[in-house]
Amino acid sequence: MRVFTPLLLALMTTTTGVACVQAADTTVRMTWYSDGNEGQVMADLLSRFEAANPDIDVVLDEVPFKAINETLPVQLASGQGPDIARVVDMGGLSRFALDLRPYLNDAAYWEANFGPFLEWMRPAGDTQSIPGFMTQLTVTGAYVNKTLFEQAGIAMPGDKATWEDWATAASAVAKAAEVPFPIALDRSGHRFYGLALSQGTEVFDAAGAPVVVDDGFKRAAQLVYDWHQSGVMSKELWGSVAGTAYRGANEEFKNAQVVLYLSGSWQANQFDKTIGDAFDWVAVPNPCGVGGCSSMPGGAGLVAFKSTKNPEAVARVMDYLASEPVLAEFYSRSLFVPGHLGLAQKGVEYPSAGPQAAAALKVFTASASAIAPLAYKVQGYTNSRIVFNAVISRLGQAISGETSLEDAYGRIPTEVAQQIAERNKK
């Protein structure tokens, strides 16, 4: 954990030369995780806020992503959470969110620029609250080691290529180049649903209740299961963790051990810095299936919590960070697809991005424009984290040999229903 030290303003008098430090009246705590350099960018932006607002200290606590998913919900439930946090399970944490509307300078600005995403942050049935804003809009998609394809003398599949097309090509490249991982897919329920939607899962019944296990879901689960049995995917990745634990393949991809890595737009900044000119890499659109080619949308929202004792100060921090010029700088320096409608329309420049990262961001921006409505519905569903966790836990058990796919199919809906019922009791 890195703690951002608040800026102290010292005023030197010309007559005595004595430093006079103006102490802040209010402390606002923000919990933050990073995929790349965004923590550094946020710290810089907050230092400017503190310089202009010396009555507020903002303490930036940087934590691992795992702490956001596992520790933060427990803290919030006990009333011990931070004032603000960067989160991904916006629906799951919505019951703890603060409605900033009464404290904002211009609520209409927030509605105009963050409107579609506010629905992801609101509790079920709430159509008015403003809990926060998107620090980034993300879309799932695949990164490909282009150099490995070139070395193997194999053509990359083109647009609208299926998952099976990519599995065949990646396996051939891995064999020719002698690399261990033809395909890697983040061990994440969210990432799995990029595959599941392409296989035609409908997720919900006519009444809007989660069905989860349907024919499309089974097609996707069978693909992942079979890939692990045949070596297209390696148990070294998914099998290295258990339960609902996340496992990415960032390290393996940047070390040229993976041919195709299904992850998402948030990795572009990291790969831009860590791969350098070691090999050529590209982003490609989400592979296709009988259900289409839609990516899964997502992202991270900066959300305020109602347990705060200083809502006015929190709103001042949020107003500053969500302002168009500040947020444009944040997106630009972090290499993020903007989650701000005005900036998305105007476009954001990425002067610090290398040519490969800039090209990747264009691919992901194009993918964002073709996301299926069902994908937005899944992401915005209040209990999406319950669904994602049940799926990845039980599917992981089947892949590791602890149970069968049929057993997983039976357990997932029961587990989802039980956890939703427990949540609704609170």
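Before going into details, it helps to say that this report is about the structure given with it. (Residues numbered from 1 in each chain as written. Predicted model: local features only at pLDDT ≥ 70, side-chain atom pairs only at ≥ 80, totals over all residues. Heavy atoms only, no water.)

**Details of the overall build of the chain**
Looking only at helices and strands, the chain has 17 helices and 11 strands in total. In terms of C-alpha radius of gyration, the chain reaches 22 Å, essentially the compact-globule figure of 22 Å for 426 residues. Counting only C-alpha atoms, the chain reaches 80 × 55 × 35 Å along its principal axes. Looking at the chain residue by residue over its 426 residues, the buried ones come to 55%. If you take every contact in the chain between residues at least 6 apart in sequence, the share linking residues at least 24 apart comes to 74%. Of the roughly 17,600 Å² of accessible surface on the chain, 52% is carried by carbon and sulfur atoms. Within the chain, one finds 32 positive and 44 negative side-chain charges whose respective centroids are separated by 3 Å. (Helix = DSSP H or I, 4+ residues; strand = E, 2+ residues; numbered from the N terminus. Rg over C-alpha atoms; globule rule 2.2 N^0.38 Å. Buried < 20%, exposed > 50% of the residue type's maximum accessible area, 1.4 Å probe, protein only. Contact = heavy atoms within 4.5 Å. Areas by Shrake-Rupley, 256 points an atom, 1.4 Å probe, with all protein chains shown as cover. Lys, Arg positive; Asp, Glu negative; His and termini not counted. Charge placed at Lys NZ, Arg CZ, Asp CG, Glu CD.)

**A closer look at the pairing of strand β9 (residues 258-264)**
Counting buried positions over the seven residues of β9 gives seven, a clear majority of the element. In terms of strand pairing, strand β7 (residues 132-145) meets β9 through five bridges, oriented antiparallel. Counterpart to G141 in the pairing with β9 is S263. Note that strand β8 (residues 181-185) and β9 share four bridges and pair parallel. Each bridged residue has a counterpart across the sheet, and for L185 the counterpart in β9 is L262. (Pairing = 2+ DSSP bridges.)

**Description of helix α2 (residues 65-77)**
Its 13 residues place the ends of α2 18 Å apart at the C-alpha level, agreeing with the 18 Å of an ideal helix rising 1.5 Å per residue. At T71, α2 shows its strongest bend, of approximately 40°, with the proline P73 following within four residues. Burial in α2 covers these residues: A67, I68, L72 and L76. Taken together, the buried residues of α2 touch β4 (26-32) and β6 (84-87). Taken from the residues just after α2, G79 is the one with a positive phi, measuring 80°. (Expected span 1.5 Å × (residues − 1). Bend = angle between axes of the 7 residues up to and from the residue.)

**Concerning the environment of S188**
Its location among the elements puts S188 in the loop between β8 and α6 (189-198). Note: C-alpha distance between S188 and H228 (40 residues apart in sequence) is 15 Å. Once you skip the residues sitting within four places of it in the chain, S188 turns out to touch Y246 and I392.

**Points about the packing of aromatic side chains**
Counting across every chain of the model gives 29 aromatic pairs. Geometrically, the ring pair formed by Y109 and F114 is edge-to-face, given 6.2 Å between the ring centres and 85° between the ring planes. Using a relative accessible area of 1% as the deciding quantity, one classes F114 as buried. Plain terms: the ring middles of F192 and F217 are 5.5 Å apart, the flat faces sit at 70° to each other, and that makes the pair edge-to-face. With F192 in helix α6 and F217 in helix α7 (residues 215-230), the pair connects residues that are 25 residues apart, well separated along the chain. A residue is classified by how much of its surface remains accessible, and F192, at 0% relative accessible area, is buried. Positioned above the aromatic ring of W32, the side-chain terminus of R86 is 4.8 Å from the ring centre. Its end group placed over the ring of Y33, R86 keeps NZ or CZ at 4.4 Å from the ring centre. (Phe/Tyr/Trp six-rings, centres within 6.5 Å; stacked < 30°, edge-to-face > 60°. Lys NZ or Arg CZ within 6 Å of the ring centre and 35° of its normal.)

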